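A look at the structure
Each chain, letter by letter, is given below.
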Amino acid sequence: MDAAVFREPKRRFIAIDSRAGGGEMAALDFGPPSRAIDVVFVHANGFNAQTYRTLLAPLAAGLRVLAVDQRGHGDSRLAADPEGRRSWLDLRDDLLALLQALDQAPVVLAGHSMGATVSLLAAAEAPGKVSSLVLLDPVVMPRMLALYAKAPWTSGRLWKRLPIAQAATRRREVFDSREAAFNAYRGRGAFKTWPEAMLADYVGGGFKDRPDGKVELACTPAWEASNYAAQGHDPWRAVSQFRGRVRILKAEHGSTCAAGDSFARRGKAVRIETVPGTSHFLPMERPDLVREAIFEAAT
């Protein structure tokens, strides 16, 4: 793989018939259109496909990669009602519907954070369509906590009190321009370790134009918060169902992934590695290592 090769992706809208509600899923398509898709990449909560453009574009030298905007994010045209959500199974069902719509040979599913967990949940339900997984600091709670999160008296209600969910509801939603949003984020908070090119791509794909000339978040604070609160899914069960290869790259600091040896033993071929010096935003901090992991899985 020549990581120096950079190719601009093509914007696509793919009609899906999801159990969570149909519509069009937006995607960026990297690589030659004559080639079957090798990798489907799924972003983190609150992000979008374009955020990972500089990470994924060099892979187009040897692979075809489809990076999607999940429901409630980016340019996807799928209804996103945060009320009453209990899990990420709606996002799983969207990904399953996408794989059905693509109707091709099995692909590698790769994802970051929530997108990694959604990829695992989907792979467990469609093993014939997924060859292997590359999961970048997936959200995997300790087993007992995960079971507690599924209980009907906890999931989606008590979890709304999580500080991260509360913080999401207070996010500034409207800026005068994308440039103003970029300047407000640069070097601050969660974006402190991000390269400016990736931050610019996040802002470029993460805001929508308003009639008054301002811009607003494509992923509303209420939808982002609902993703933090809706924890009634079970990645522990999913990893035991998927029989393909799973490679997990964990952050050294602030990881959302509690997967360890007991998690790995549930799968057929699970490899878990902690990446030194990284935070939860390891795709932004170590894109070289992430690219190599994806390329290895797909070749």
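Attention here is on the structure that accompanies the text. (Residues numbered from 1 in each chain as written. Predicted model: local features only at pLDDT ≥ 70, side-chain atom pairs only at ≥ 80, totals over all residues. Heavy atoms only, no water.)

Within the secondary structure layout, H73 lies in the loop between β4 (65-68) and α2 (89-102). Accessibility expressed as a relative area gives 1% for H73, which makes it buried. Between the C-alpha atoms of H73 and M114, which are 41 residues apart in sequence, the distance is 12 Å. What H73 contacts, discounting residues up to four positions off in sequence, is H43, A44, N45, G46, F47, M114, C219, W223 and N227. Of the polar contacts made by the side chain of H73, one reaches the backbone nitrogen of G46; its length is 3.0 Å. (Helix = DSSP H or I, 4+ residues; strand = E, 2+ residues; numbered from the N terminus. Buried < 20%, exposed > 50% of the residue type's maximum accessible area, 1.4 Å probe, protein only. Contact = heavy atoms within 4.5 Å. Polar contact = N/O pair within 3.5 Å; in protein donor to acceptor, adjacent residues only side chain to side chain.)

A few words on the pattern of salt bridges. Inspection of the entire model under this criterion finds 25 salt bridges. The partner of R171 in a salt bridge is E224, with the nearest N and O atoms 3.1 Å apart. Here the residue R171 occupies a position in the loop between α5 (163-169) and β7 (174-175), and E224 occupies one in helix α8 (residues 221-229), the gap between them amounting to 53 residues. According to the relative accessible area criterion, R171 is partly exposed, its value standing at 21%. The residue R271 makes a salt bridge to E273 at a minimum N-O spacing of 3.0 Å. Taking relative accessible area as the criterion, R271 reaches 41% and is therefore assigned partly exposed. (Salt bridge = Lys/Arg side-chain N within 4 Å of Asp/Glu carboxyl O.)

In this section: a nonpolar patch on the surface. The grouping of L145, Y148 and W153 at the surface amounts to a nonpolar patch, some 340 Å² of accessible area in total. Looking at the element boundaries, Y148 is found in helix α4 (residues 143-150). Note on Y148: relative accessible area 40%, which makes it partly exposed. (Patch = residues over 30% accessible without salt bridge, like charges linked within 9 Å, V, L, I, M, F, W, Y side chains within 5 Å. Areas by Shrake-Rupley, 256 points an atom, 1.4 Å probe, with all protein chains shown as cover.)

For the rest of this paragraph, the subject is the sheet that holds β4. The strand order across the open sheet built from eight strands is β1-β2-β4-β3-β5-β6-β10-β11, with neighbouring strands paired in mixed fashion. In this open sheet, the two edge strands, each paired with only one partner strand, are β1 (10-16) and β11 (269-275). For this sheet, the mean inter-axis angle between neighbouring strands, taken without regard to orientation, is 20°. Here strand β3 (residues 39-42) pairs with strand β5 (residues 107-112) via four bridges, running parallel. Note on β5: the bridge partner recorded for F41 is A110. Contacting β3, β5 and β6 (130-136), helix α3 (residues 114-125) crosses the sheet at an angle of about 145° to β5. (Pairing = 2+ DSSP bridges. Axes fitted to C-alpha atoms, helices over the stretch in contact; angles between N-to-C directions.)

By themselves, these observations are geometric and do not establish any function.
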